[in-house]
Amino acid sequence: MALTQVSSNKCCDGYQKVFEHDSSELKCKMKFAIYLPPKAESSKCPVLYWLSGLTCTEQNFITKAGSQQAASEHGIIIVAPDTSPRGCNIEGEDESWDFGTGAGFYVNATQEPWKTNYRMYSYVTEELPRLINSNFPADPEKMSISGHSMGGHGALICALKNPGKYKSVSAFAPICNPIQCAWGQKAFSGYLGPDKSIWESYDATVLAESYSGPELDILIDQGRDDQFLSASQLLPDNLIAACSKKKIPVVFRLQQGYDHSYYFIFSFINDHIKHHAKYLNA
């Protein structure tokens, strides 16, 4: 699969790059960002996949989160894909900020007109890792996943649906129970249709209730002053209850005074990279 380099900047003794490629899953051109730590020049490195939230591109995380320094120190490659297919000329794809462009929700759509292109789940779990493993000094046995908001939902479902594939998972302000919140109901209705059993297969709370894979250590940070927490879009308590029933270890930190923004992510990203490094560098 041919990659075209869009940009490359030296950062923390490594390189922050962006590439473009033709996606077979999404049937369009896609961009992803990749941070290559200095260690990648001499040996294979573990990979942390970062999934961004609604309205984001591959740029938000790499310009705002400040992840490069910790990634450099721990020798971790970080890959941040875009959040949806783009420019597919689907009627209605640009009508709202929480559905369509920039809002792929990390599912494989089953409904027209979305099902041909909106296959972000397969893109993130299959196509992108294949691409990374064959083009970069990535250790294919050592992957972890993290994300924010819609991307936190994505990270959790990828880990819970693929026991053993990811060494660890973390999230910032994830949408924990999308079948019970307005964002999730809108997205799932449009992409997945009326069958609620299909919805459940992309809901972290439901997936946790039936998880039976190897131990998965989950770290979640949530801002106490997050407007979407108070609007019942995130519902972390439901996930925590499901995890405690199944004895899935969760460290849930409610951070006083923090909101939903990248200032919040910047404040705690080092803790998350350290969390992943513990498993990726074991």
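Structure: above.
The present account deals with the structure reproduced in this document. As the structure is a computational prediction, the values presented were derived from the model and not from experiment.

The number of helices and strands found in the chain is 10 helices and nine strands. For a compact globule of 282 residues, the expected C-alpha radius of gyration is about 19 Å, and the chain comes in at 17 Å, within 12% of that figure. Overall, the chain is about 50 × 40 × 35 Å in size when its C-alpha atoms are taken along their principal axes. Relative to its 282 residues, the chain shows a buried fraction of 57%. Per element, the accessible surface of the chain, about 11300 Å² overall, is 47% carbon and sulfur. Separation of charge centres in the chain, based on 25 positive and 30 negative side chains, amounts to 5 Å.

Now for the pattern of salt bridges. Inspection of every chain in the model, using the stated rule, returns seven salt bridges. Between Lys29 and Asp22 there is a salt bridge whose closest N-O contact spans 3.1 Å. Lys29 gets classed as partly exposed once you look at its relative accessible area, which sits at 48%. For Asp22, a relative accessible area of 44% corresponds to the partly exposed category. Asp82 is the partner of Arg86 in a salt bridge, and the nearest nitrogen-oxygen pair spans 2.6 Å. Taking relative accessible area as the criterion, Arg86 reaches 29% and is therefore assigned partly exposed. Classification of Asp82 as buried rests on a relative accessible area of 4%. Within the structure, one salt-bridge network assembled from shared partners comprises Asp221, Arg253 and Asp271.

Moving on, we come to the nonpolar core. Counting residues in each nonpolar core, the largest one holds 94 residues, and the members touching the most others are Phe32, Phe105, Ile132, Ile145 and Tyr191. Among the elements that make up this core, the one with the highest residue count is helix 10 (residues 262-280) (eight residues). In contact with Tyr191, other than residues within four places in its own chain, are Phe99, Gly100, Ala103, Gly104, Phe105, Val107, Ala109, Thr110, Gln111, Trp114 and Tyr118.

Taken in spatial order, the nine strands make up an open sheet running 1-2-3-5-4-6-7-8-9, and their pairing is mixed. What marks the edges here is a single partner per strand, and that holds for strand 1 (4-11) and strand 9 (250-255). This sheet shows a mean twist of 20° between the axes of neighbouring strands, independent of strand direction. Summarising the sheet, strand 1 and strand 2 (residues 14-23) pair through seven bridges and their orientation is antiparallel. By the bridge assignment for strand 2, Asn9 is matched with Gln16. Along the sheet, helix 4 (residues 150-161) makes contact with strand 4 (45-51), strand 6 (138-148), strand 7 (169-172) and strand 8 (218-223), crossing strand 6 at roughly 140°.

With that out of the way, let us pick up the packing of aromatic side chains. Applying the stated criterion across every chain, the model contains 19 aromatic pairs. A ring pair is formed by Tyr118 and Tyr191, whose centres lie 5.4 Å apart and whose planes are at 20°; its orientation type is stacked. Here the residue Tyr118 occupies a position in the loop between strand 5 (77-81) and helix 3 (120-135), and Tyr191 occupies one in helix 5 (residues 182-192), the gap between them amounting to 73 residues. The pair formed by Tyr118 and Tyr191 is uniform in burial state, with each residue classed as buried.

Conventions and cut-offs
- Residues numbered from 1 in each chain as written.
- Predicted model: local features only at pLDDT ≥ 70, side-chain atom pairs only at ≥ 80, totals over all residues.
- Heavy atoms only, no water.
- Helix = DSSP H or I, 4+ residues; strand = E, 2+ residues; numbered from the N terminus.
- Rg over C-alpha atoms; globule rule 2.2 N^0.38 Å.
- Buried < 20%, exposed > 50% of the residue type's maximum accessible area, 1.4 Å probe, protein only.
- Areas by Shrake-Rupley, 256 points an atom, 1.4 Å probe, with all protein chains shown as cover.
- Lys, Arg positive; Asp, Glu negative; His and termini not counted.
- Charge placed at Lys NZ, Arg CZ, Asp CG, Glu CD.
- Salt bridge = Lys/Arg side-chain N within 4 Å of Asp/Glu carboxyl O.
- Core = buried A, V, L, I, M, F, W, Y, C linked by side-chain atoms within 4.5 Å.
- Contact = heavy atoms within 4.5 Å.
- Pairing = 2+ DSSP bridges.
- Axes fitted to C-alpha atoms, helices over the stretch in contact; angles between N-to-C directions.
- Phe/Tyr/Trp six-rings, centres within 6.5 Å; stacked < 30°, edge-to-face > 60°.

All quantities given are derived from atomic positions and should not be read as evidence of function.
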